[in-house]
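# Close look at the chain arrangement
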Amino acid sequence: MPPVFAHGRLRLYLLKLLDEAPRHGYEVIRLLEERFQGLYAPSAGTVYPRLAKLETEGLVTHATEGGRKVYSITDAGRAELADRGGELADLELEIRDSVSELAAEIRADVSGAAGDLRRELRAAASASATQVEDDSWKAAKEELRKAKAEWKEQARRAKDESRRAREEAQQARRQAKEAQERAREEVQRIAGQLQEQFAKSGGVLGSLAGAWLGGSGSPTAPTAPSAPSDASARSAAPAPAPDADWARDVPSTGDPARDLDRLLDRFRDDIRDAARDRGISDDQLAQARSHLADAAARIASTLGPQD
C-alpha cells in the first residue's frame, strides 16, 4: 500500500485542522479517520511527535485543559498555511485519491480473501460431506427419539391425571351418598323411637305435641303435692299456653313427610335445650314422659289409624 501522505503533507494537513479549531491530539486522530472514511487512522506515534515539532517551530501552541494538551495554530502557522494554499488544494485532491485507492485495495483484499475462503469451504465440505450427513442424520434421529419419549411421557401423565380425577369424583359421589344414607337412617331411627312411644303411650304425647305444633288442646298440668320441693314446685307450675308461631321459621320443602321430620328435630332440640338450661328432676322426667306419651298419641291419631 502506498503512503497516504507524501513527505511533509501530514504536517500541512495538521495545520489545516488546527486552523479550523483548537483540538487535542486524540481529536486530530479521530478527524483524520473521518476524512479518510474509516479507511485510514494514523497512530498516536505518528501525530503527537509532529504536533510537538510544529510547536517547536512556533507554528502551534498548546494549553492544558482537563489534563490534556489542546493545540492551537499561531499567526506564524496561519501565515505558512496561506503561503502553501495551492499545495493544500492539491493535498485535498490527493486525500480523495488516496481514499479511492485504499478502498480499491481493501475490496481486492476482501475479494481475494473471500475467494480463498469459498474454495476452502468447498474443499472442506467435499471432504466431510458424508460425515456431516451422517452426523446430521444421527442428530435428527436422536432429537426425534427424545421428542417421541417426551410425547409419551406427557400422554402418560395426562392419562394418570384423568384417572385420578375420575377416582376422586367417584369417591366424592360415594361419600355424598353415604352421608345421605346416614341422614336417612338417623331420621328413620328417630321416627322409629317416636312410633315406639306412640305404641306405648296410649295418648299423652299428643297433647304436648299439639301445644308445640300449634294444634288444638293443651297439656294438663299435674296437681302439685302438698309439700313440694324446689324441683317439684317447678314441675307443678301451670303449663304455658301454646305458641301459635312455634317453628314458623322452618321453611317448607314441599314434602310433608320431610317437613314433619324437621319439625320433630326442632321439637327434640327445644326440649333438650330446656332440660340443659333449667335442669330436670326425677319427678319432672316422669311428668315429661307422660306428656310425651300423650303428644305422641295425639300426633298418631292426627296422622290416621295404623294398618
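### Digging into the overall build of the protein chain
A tally of regular secondary structure across the protein chain gives nine helices and three strands. Reading the protein chain from its N end, one meets helices and strands in the order α-β-α-α-β-β-α-α-α-α-α-α. In the protein chain, buried positions account for 24% of the 307 residues. Accessible area for the protein chain stands at about 20,900 Å²; split by element, carbon and sulfur atoms hold 52% of it.

### Some words on the sheet that holds strand S1 (residues 23–24)
Pairing in this open sheet of three strands is antiparallel, and the strands run S1-S3-S2 from one edge to the other. In the strand order of this sheet, the two ends are held by S1 and strand S2 (60–65), each with one partner. In the sheet, S2 pairs with strand S3 (residues 68–73) via six bridges, with the strands oriented antiparallel. The residue of S3 that forms the bridge with Thr64 is Lys69. Those strands touched by helix H3 (residues 44–56) are S2 and S3, and its axis lies near 115° from that of S2.

### Here we look at the nonpolar core
Counting 24 residues, the largest nonpolar core has Leu14, Leu15, Leu18, Val28, Leu32 and Val47 as the members making the most contacts within it. The set of elements that each furnish at least two residues to this core consists of helix H1 (9–20), helix H2 (25–35), H3, S3 and helix H5 (85–201). Among all residues touching Leu14, those that are not within four sequence positions of it are Val28, Leu32, Val47, Arg50, Leu51 and Leu54.

### Observations regarding the pattern of salt bridges
For the coordinates displayed, the defined rule picks out 26 salt bridges. Of the charged contacts, one joins Asp160 and Arg156 as a salt bridge, the two residues approaching to 2.8 Å between their closest N and O atoms. Pair noted here: Asp160 and Arg156 are both in helix H5, with a separation of four residues, about one helical turn. Between Arg163 and Glu167 there is a salt bridge whose closest N-O contact spans 3.2 Å. Of the two residues, Arg163 and Glu167 both sit in helix H5, four residues apart, roughly one turn of that helix.

### Regarding the pairing of S3
Where S1 meets S3, two bridges bridge the pair, whose relative direction is antiparallel. Note that in S3 the partner of His24 across the bridge is Val70. In this structure, the hairpin formed by S2 and S3 is closed by a connection of two residues, where Gly66 is found at a positive phi of approximately 60°.

### Describing unusual backbone geometry
Phi is positive for Ala247, which is not a glycine, with a value near 60°. With respect to the helices, strands and loops of the structure, Ala247 is situated in the loop between helix H7 (230–235) and helix H8 (256–278).

### Considerations on the packing of H2 against H3
Direction vectors running N to C along H2 and H3 enclose 125°, while the axes themselves pass 10 Å from each other. By the criterion of interaxial angle, the relationship of H2 to H3 is oblique. Regarding H2 and H3, the two cross each other, and that crossing is right-handed. Along the contact surface, H2 presents Gly25, Tyr26, Val28, Ile29 and Leu32, while H3 presents Ala44, Val47, Tyr48 and Leu51.

What counts, and where the lines are drawn
Residues numbered from 1 in each chain as written. Predicted model: local features only at pLDDT ≥ 70, side-chain atom pairs only at ≥ 80, totals over all residues. Heavy atoms only, no water. Helix = DSSP H or I, 4+ residues; strand = E, 2+ residues; numbered from the N terminus. Buried < 20%, exposed > 50% of the residue type's maximum accessible area, 1.4 Å probe, protein only. Areas by Shrake-Rupley, 256 points an atom, 1.4 Å probe, with all protein chains shown as cover. Pairing = 2+ DSSP bridges. Contact = heavy atoms within 4.5 Å. Axes fitted to C-alpha atoms, helices over the stretch in contact; angles between N-to-C directions. Core = buried A, V, L, I, M, F, W, Y, C linked by side-chain atoms within 4.5 Å. Salt bridge = Lys/Arg side-chain N within 4 Å of Asp/Glu carboxyl O. Parallel < 35°, antiparallel > 145°, perpendicular 65-115°, else oblique. Left-handed = near helix turned anticlockwise from the far one by under 90°.

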